[in-house]
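So you can see what is in the structure, the chains are spelled out below.
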Amino acid sequence: MAFCGGILRHVARTSCYSAADVTSAGPVDLSVNIGALRLRNPIIAASGTFGYGLEFAHLVDLKTVGGFVTKGLSLNPIQGSPAPRLCHTPSGMLNAVGLQNVGVRAFVAEKLPVLRKYDTPVLVNIFGYSPEEYAEVIRILEDAPGIAGYELNISCPNVKQGGIQFGSDPAMVAQVVGVARRSAPSRPLWVKLSPLVTDIRVIAKAAEEAGADALTVANTYPAMSIDLKARRSRLGCPTGGLSGPAIRPITLRLVWEAGKAVRIPIIGLGGIETVDDVLEYLSVGAAVVQVGTASFVNPGAIGGLASELERRITGYKVHNMKDLTEVLVLKLD
């Protein structure tokens, strides 16, 4: 895609965890459990970068990923932000899509029946502008088969409390996660945290105590890019969300901090492009990872990560994800 220019070029990096000797003895099991949900491998397509999954089905064998998260769904359709919605930045990308989506009812009627044909767990990312909206979206989805779980986007303004982000205040996090938990008593509930908090450990703990089964760390970072010649933002909106390799070092720290605060699994998300990036997230406590912006540059990139991970895992003389995690996790305290 031309707009991406030179971002996210594959750079051969030497892994600080690489092993000299590789053994092929025994089968490799990449499966991993995230609470009650079992994934065939730890590579998940992130929300907002994989559409509804159907858009990538002809480009990526969906069986090569552990699962995918749909783009965010709201109670009613949202048209989204004006174009341009994407622009590249050094080692990253800005997006201002504006949460465009077809609405939850159209998703259930038009998208989900097709998705059920694929043997890949589908998690639905949901958002709302009040706790009641979150609950209503889940209520509609609860009646539909073929959904493996939910991922709450809590980086949205609570219109009932002056537009403050749900994810920036522990009390509001507890409120919206609690409402979602009561609305979804049996399906897994993941919560996607905002990076714009003073202490992510407090937010993570609030989400866990309110009933979250896992935490996705983290959402994009508000940022902007200016076209000096045109004297305007390079996006249709003044600002957008920064993603890509530029944010990986920051998000690695957030994953590490959140993981120390809770007992539920952490899903690492931010700037993952290579298997070395996956291993870095595992080393700081992530149980699985989500791949986002890399799919914009190369839609088939995510499909090769699991097979590359399978080749690399034997270099640690282990043959399953549990043992790999035990080898990788760093003692940083």
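Student: So, the sheet that holds strand β8 (residues 149-153): which residues are in play, and what are the values?
Tutor: Ordered in space as β3-β4-β7-β8-β11-β12-β17-β18, the 8 strands form a closed barrel in which the pairing is parallel. On average, each strand axis in the sheet is tilted by 25° relative to the strand beside it, whichever way the strands run. Lying over the sheet, helix α4 (residues 200-210) contacts β11 (189-193) and β12 (214-217), oriented at roughly 160° with respect to β11. Across the sheet, helix α5 (residues 248-261) is in contact with β12 and β17 (266-269); its angle to β17 comes to roughly 175°.

Student: Please set out the pattern of salt bridges residue by residue, giving values where relevant.
Tutor: Evaluation of the coordinates by the stated rule reveals 12 salt bridges. For R181, the salt bridge identified is with D213, shortest N-O distance 2.8 Å. Taken as a pair, R181 in helix α3 (residues 170-183) and D213 in the loop between α4 and β12 lie far apart in primary sequence, 32 residues in all. Its relative accessible area of 18% is what places R181 among the buried residues. Judged by its relative accessible area of 28%, D213 falls in the partly exposed class. Among the ionic pairs, R311 bridges to E308, the shortest N-O distance being 2.6 Å. Of the two residues, R311 and E308 both sit in helix α8 (residues 301-313), 3 residues apart, roughly one turn of that helix. Judged by relative accessible area, R311 falls into the exposed class, the value being 52%.

Student: Requested: an account of the packing of aromatic side chains, with residues and values cited.
Tutor: On inspection of all chains with the given rule, the structure shows 5 aromatic pairs. Here the aromatic rings of Y134 and F166 are separated by 5.5 Å at their centres, their planes lie at 90°, and the arrangement is edge-to-face. Linking Y134 in helix α2 (residues 131-142) with F166 in the loop between β10 (164-165) and α3, this pair joins segments that are 32 residues apart in sequence. For the pair Y134 and F166, a shared accessibility class is recorded, and that class is buried. In this structure, K260 packs its charged tip against the face of W256, placed 3.8 Å from the ring centre.

Student: Hey, could you go over the nonpolar core for me, with residue numbers and the actual values?
Tutor: The biggest cluster of nonpolar side chains holds 87 residues, and the ones touching the most others in it are L152, V177, L215, V217 and L324. Those residues in contact with V177 that sit more than four places away from it in its chain are L152, L189, V191, A207, A210, G211 and A212. Formed by 13 residues, the second largest nonpolar core is a distinct cluster that contains L37, L39, L123 and A214.

Student: I'd like a description of the pairing of β12, backed by residues and values.
Tutor: Regular strands place their side chains on alternate faces of the sheet. Going residue by residue along β12, you find A214 and T216 tucked away on one face and L215 and V217 tucked away on the opposite face as well. Of the pairings in the sheet, the one linking β11 to β12 comprises 4 bridges and is parallel in character. By the bridge assignment, K192 is partnered in β12 with T216. Following the backbone out of β11, through α4 and into the adjacent parallel β12, one traces a crossover that is right-handed.

Student: Go over α4 with me, naming the residues and quoting the values.
Tutor: Taken residue by residue, α4 has I200, I203, A204, A206, A207, E208 and A210 as its buried positions. Where α4 ends, the next residue or the one after it, G211, has phi of about 120°, a positive value.

Student: Account for the packing of helix α1 (residues 104-115) against α2, naming residues and giving values.
Tutor: Following both chains from N to C, one finds α1 and α2 inclined at 20°, their axes separated by 9 Å at the closest point. In terms of axis orientation, α1 runs roughly parallel to α2. For α1 against α2, the interelement crossing comes out right-handed. Residues V104, R105, F107 and V108 of α1 form the contact with α2, whose own contacting residues are E136, V137, I140 and L141. Per-class residue counts for the contact of α1 with α2 are 6 nonpolar, no polar and 2 charged.

The rules behind each value
Residues numbered from 1 in each chain as written. Predicted model: local features only at pLDDT ≥ 70, side-chain atom pairs only at ≥ 80, totals over all residues. Heavy atoms only, no water. Pairing = 2+ DSSP bridges. Helix = DSSP H or I, 4+ residues; strand = E, 2+ residues; numbered from the N terminus. Axes fitted to C-alpha atoms, helices over the stretch in contact; angles between N-to-C directions. Contact = heavy atoms within 4.5 Å. Salt bridge = Lys/Arg side-chain N within 4 Å of Asp/Glu carboxyl O. Buried < 20%, exposed > 50% of the residue type's maximum accessible area, 1.4 Å probe, protein only. Phe/Tyr/Trp six-rings, centres within 6.5 Å; stacked < 30°, edge-to-face > 60°. Lys NZ or Arg CZ within 6 Å of the ring centre and 35° of its normal. Core = buried A, V, L, I, M, F, W, Y, C linked by side-chain atoms within 4.5 Å. Right-handed = clockwise from strand over helix to strand, strands pointing away. Parallel < 35°, antiparallel > 145°, perpendicular 65-115°, else oblique. Left-handed = near helix turned anticlockwise from the far one by under 90°. Nonpolar A, V, L, I, M, F, W, Y, C, P; charged D, E, K, R; others polar.

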